[in-house]
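Single-letter residue listing:
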Amino acid sequence: MAIISFPLLVPLLITAQHLSGMAVAGSDTSGYSGLVAALLALDAMIAALCYLLFPYLWRD
Amino acid sequence: MKSSWWKCLCIVFLTYTVIAGFLMPVPRLDILHESIRNLYFHVCMWFAMMFIFTVSLFYSIKYLGKPNEDYDIIAAQSSYVGIVFGILGLSTGSLWAKYTWGDWWTNDPKLNGAAIALLSYFAYVVLRNAMDDEQKRARISAVYNIFAYVMMMVFIMVYPRLNGVDSLHPGNGGNPGFNQYDLDSHMRMVFYPAVIGWILLCTWIASLAIRTERIKRHIHNQ
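Residues numbered from 1 in each chain as written. Chains lettered and ligands numbered in written order. Predicted model: local features only at pLDDT ≥ 70, side-chain atom pairs only at ≥ 80, totals over all residues.

Caption draft 1: Here's a closer look at the overall build of chain A. For chain A, the helix and strand inventory stands at two helices and zero strands. For 60 residues, the compact-globule estimate of 2.2 N^0.38 gives 10 Å, and the C-alpha radius of gyration of chain A, at 15 Å, exceeds that figure by more than 25%. Within chain A, the fraction of its 60 residues that count as buried is 10%. (Helix = DSSP H or I, 4+ residues; strand = E, 2+ residues; numbered from the N terminus. Rg over C-alpha atoms; globule rule 2.2 N^0.38 Å. Buried ≥ 20, exposed ≤ 12 C-beta atoms within 10 Å, placed from the backbone.)

Caption draft 2: Inspection of the overall build of chain B at higher detail. Assigned secondary structure in chain B consists of seven helices and zero strands. Reading chain B from its N terminus to its C terminus gives the helix and strand order α-α-α-α-α-α-α. Taken over 222 residues, chain B has a buried fraction of 36%. Partitioning the contacts of chain B with sequence separation of at least 6, the portion at a separation of at least 24 is 73%. (Contact = placed C-beta atoms within 7 Å.)

Caption draft 3: Local environment of the interface of chain B and chain A. Taken together, the contact between chain B and chain A spans 23 residues of the former and 18 residues of the latter. For the side of chain B that touches chain A, the secondary structure elements donating two or more residues are helix H4 (109-130) and helix H5 (134-158) of chain B. No other element matches the eleven residues that H5(B) contributes to the side of chain B that touches chain A. For the side of chain B that touches chain A, the per-class residue count stands at 19 nonpolar, three polar and one charged. (Nonpolar A, V, L, I, M, F, W, Y, C, P; charged D, E, K, R; others polar.)

Caption draft 4: Structural view of the environment of B:Trp104. All names here are of chain B. Residue position: Trp 104 is located in the loop between helix H3 (69-100) and H4. A tally of 11 C-beta atoms within 10 Å means that Trp 104 is categorised as exposed. C-alpha separation for the pair Trp 104 and Trp 204, spaced 100 residues apart in sequence, amounts to 30 Å. Each residue touching Trp 104, except ones within four places of it in the same chain, is listed here: Ser 94, Ala 97 and Lys 98.

Caption draft 5: Molecular detail of the nonpolar core. Residues and elements named next belong to chain B. With 54 residues, the main nonpolar core has Ala 48, Met 49, Ile 52, Ala 148 and Cys 202 as its most contacted residues. Of all elements in the fold, only helix H1 (5-23), helix H2 (39-65), H3, H4, H5 and helix H7 (185-221) reach the threshold of two or more residues within this core. Counting residues per element, this core draws most heavily on H2, which supplies 16 residues. What Cys 202 contacts, discounting residues up to four positions off in sequence, is Ala 48, Phe 51, Ile 52, Val 81 and Phe 85. (Core = buried A, V, L, I, M, F, W, Y, C linked by C-beta atoms within 7 Å.)

Caption draft 6: How the structure looks around the confidence of the model for chain B. For chain B, the mean per-residue pLDDT works out to 86, and 89% of the residues sit at or above 70. Interface confidence in the predicted complex, given as ipTM, is 0.82; pTM for the same model is 0.88. (pLDDT = per-residue confidence, 0-100.)

Caption draft 7: Layout of the packing of helix H1 (residues 6-25) of chain A against H4(B). Axis separation between H1(A) and H4(B) bottoms out at 8 Å; the angle between their running directions is 160°. In terms of their interaxial angle, H1(A) and H4(B) are classed as roughly antiparallel. Every residue of H4(B) that contacts H1(A) at A:Pro7, A:Leu8 and A:Val10 is listed here: B:Ile116, B:Leu119, B:Ser120 and B:Ala123. Looking at the contact of H1(A) with H4(B), its residues break down into six nonpolar, one polar and no charged. (Axes fitted to C-alpha atoms, helices over the stretch in contact; angles between N-to-C directions. Parallel < 35°, antiparallel > 145°, perpendicular 65-115°, else oblique.)

Caption draft 8: Highlighting the packing of H1(A) against helix H2 (residues 32-58) of chain A. Residue and element names in this part refer to chain A. H2 packs onto H1 with a crossing angle of 155° between their chain directions and a minimal axis gap of 10 Å. Between H1 and H2, the interaxial angle falls into the category roughly antiparallel. For H1 against H2, the interelement crossing comes out left-handed. Mapping the contact onto sequence places Pro 11, Leu 12, Thr 15, Ala 16, His 18, Leu 19 and Met 22 in H1 and Tyr 32, Leu 35, Val 36, Ala 38, Leu 39 and Leu 42 in H2. (Left-handed = near helix turned anticlockwise from the far one by under 90°.)

Have a look at this one:
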């Protein structure tokens, strides 16, 4: 069942991958802030959704 | 008959879209040329998909609030129809890409984003088929659906618009923006009815799927 959550984590992975790609290339730093903000926003959103939805999953 | 006026509207709008979409004058733009007519089909598929996924999300939230089997049926069938429209959106986009960008598939963030968003809805189908207990299935898939919707929104609406993410799509990375075509009043006269027509068609298909599923459940429960 846990494997089903993989597609949901792909946005996080891709943003992180994009960011680390830029960090390694080290040339153009203009897009950093937007991507970091997106990463943090994604984290916050996932945490909030988990907090809200977990009780429904658990109610068995 | 009274309640099916929107079906007539749907047929009228889509007939108009196909006829006017192929025959009305369009602006001559570099690269795009006549292929700009695909706007009436490709973009509308995504609008219809978003609409029906929003319906699905709404009923999933409603199900979590009050576990009613009917909400689950509506949420599930709407998602399935949304997936069909998503696949149509990808394939019309792929055709368009072949004739404008020169390849069936490019590593464009919007393309990959849409593909991953659809992937998460495929997982929704897998998830639903993996469970036998009806109530458990309805509850878990409702929770998953909310997650999938948020991730899809992030991927289709937010991610391609970030700085540092280049897209070949209009309005991104120095490409001419959508507004530029939209300003052309001839295109607008076809585009708006097309959006409404496709959304209505999507609703129509979903309503048929929902009714079929209700009958199936009813027969099964007898």
